[in-house]
Amino acid sequence: MLVRNEIMAICAAALALFVLIGIVTFGGGIERTLALWAGFAGALSQFAGQDRSPISRAASVALAYIGFALALCALVLMSSAGGH
């Protein structure tokens with residue numbers, strides 16, 4: 001079961017990487033900024049998730065949701081503005 005979870009985590013990270021690279025490549029200034037902050041929130045989430053305390057786990061989940069929301073905002077702005 002551990003190997004399956006690791007594979008799922010690697011696939012999720014790869015998908016996030018492709019989405020963020022796409023936003024940075026094809027988005028405008030605001031979209032790029034949001035994508036960079038989303039990546040930073042994801043990195044902070046992973047850092048906080050290394051600790052086993054309930055507070056750091058909750059912070060990890062909150063930061064992950066913040067990263068998802070920022071990336072979603074960037075995608076919505078890209079689709080409404082037509083990219084560049």
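Owing to the predicted nature of the structure, the values given are computational and were not obtained by experimental measurement.

Counting its regular elements, the chain contains three helices and zero strands. What you see in the chain, going N to C, is helices and strands ordered as α-α-α. Within the span of the chain, comprising 84 residues, buried residues form 20% of the whole. The contacts of the chain with a sequence gap of at least 6 include a subset with a gap of at least 24, amounting to 60%. If you sum the accessible surface of the chain, you get close to 6000 Å²; carbon and sulfur atoms cover 76% of it.

What follows concerns the side chain of Ser56. Mapped onto the secondary structure, Ser56 falls in helix α3 (residues 54–81). A relative accessible area of 10% places Ser56 in the buried class. Not counting chain neighbours up to four residues away, the residues in contact with Ser56 comprise Ala48, Gly49 and Asp51.

In this structure, Ala62 sits in helix α3. Look at Ala62 and you get partly exposed, because its relative accessible area is 36%. Along the backbone, Ala62 and Gly42 are 20 residues apart, and their C-alpha atoms lie at a distance of 10.0 Å.

So, on to the confidence of the model for the chain. On average, residues of the chain carry a pLDDT of 87, and 94% of them reach 70 or more. Between the elements of the chain, mean pLDDT differs from a low of 84, seen in helix α1 (residues 2–26), to a high of 91, seen in α3.

Time to look at the packing of aromatic side chains. Throughout the structure, instances matching the rule amount to two aromatic pairs. Relative to Phe40, the ring of Trp37 has its centre 5.7 Å away and its plane inclined at 80 degrees; by these criteria the two rings are edge-to-face. Separated by three residues within a single helix, Trp37 and Phe40 lie in helix α2 (residues 29–48), roughly one turn from each other. Owing to a relative accessible area of 52%, Trp37 belongs among the exposed residues under this scheme. When its relative accessible area of 44% is taken as the criterion, Phe40 is described as partly exposed. Consider the rings of Tyr65 and Phe68, whose centres lie 6.4 Å apart with planes at 65 degrees: the pair is edge-to-face. Of this pair, Tyr65 and Phe68 are both found in helix α3, three residues apart, which corresponds to roughly one turn of the helix. Under the relative-accessibility criterion, Tyr65 is labelled exposed at 57%.

What counts and how
- Residues numbered from 1 in each chain as written.
- Predicted model: local features only at pLDDT ≥ 70, side-chain atom pairs only at ≥ 80, totals over all residues.
- Heavy atoms only, no water.
- Helix = DSSP H or I, 4+ residues; strand = E, 2+ residues; numbered from the N terminus.
- Buried < 20%, exposed > 50% of the residue type's maximum accessible area, 1.4 Å probe, protein only.
- Contact = heavy atoms within 4.5 Å.
- Areas by Shrake-Rupley, 256 points an atom, 1.4 Å probe, with all protein chains shown as cover.
- pLDDT = per-residue confidence, 0-100.
- Phe/Tyr/Trp six-rings, centres within 6.5 Å; stacked < 30°, edge-to-face > 60°.

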